[in-house]
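Here is what each chain is made of, one letter per residue.
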Amino acid sequence: MALVGLIALLTGCCIAQTGEDGIKATLFSDGEARPCVEADELAAAVLSLLQNAGEVAMLAVGPDLIDSIKASDSALEIVWPDTLTVTLPSGIKDRLSRVLLPLSGEYGPPEANSSVLIFFGIEAYGTPALINEAAQAELTRIGELLGR
């Protein structure tokens, strides 16, 4: 009986360490996807950027745009296992389960890392993208977590 308990405990630890049921963070770089170890910290930084975004980007968001960013640029994607409700700076509550943050390329932050474009959605990225103009501190933190 103790052996069964030990096996269950070890299995639970392995699942927790691999993040099977938790937050998933993936770094896309030139079409390659690499899982990130610091998923919880990255997710907190990305949520902070989203909740402090002040502008809506006039940009048509669709699967082709998202696929292009993942295939040719560097981007961080956070996927939560459950849908979250967040309050945006406009006061509007919105639901999401995923966020994509372009880190380079046409949609990535400028050299000074002062602003960032944020895509979010539930199953797909169809909602308007937001812009956070005061992103430098969080982008620096994300870069540190990603080892950049």
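Just so we're clear, the structure is a prediction, and the values are computed from it rather than from any experiment. (Residues numbered from 1 in each chain as written. Predicted model: local features only at pLDDT ≥ 70, side-chain atom pairs only at ≥ 80, totals over all residues. Heavy atoms only, no water.)

As a further point, take the sheet that holds strand 7 (residues 130–132). Here 7 strands make up an open sheet; going across it, the order is 2-1-4-5-6-7-3 and the pairing antiparallel. Among the strands making up the open sheet, the edge pair consists of strand 2 (32–35) and strand 3 (55–56). Note: strand 5 (residues 93–102) against strand 6 (residues 116–121), 3 bridges, orientation antiparallel. Along strand 6, the bridge assignment pairs Val-99 with Phe-120. (Pairing = 2+ DSSP bridges. Helix = DSSP H or I, 4+ residues; strand = E, 2+ residues; numbered from the N terminus.)

Position of Pro-109 among the secondary structure elements: in the loop between strand 5 and strand 6. Judged by relative accessible area, which is 15%, Pro-109 ranks as buried. It is 9.8 Å that separates the C-alpha atoms of Pro-109 and Glu-133, two residues lying 24 residues apart in sequence. Apart from residues lying up to four places away in sequence, Pro-109 is in contact with Pro-102, Leu-103, Ser-104, Ser-115 and Leu-139. (Buried < 20%, exposed > 50% of the residue type's maximum accessible area, 1.4 Å probe, protein only. Contact = heavy atoms within 4.5 Å.)

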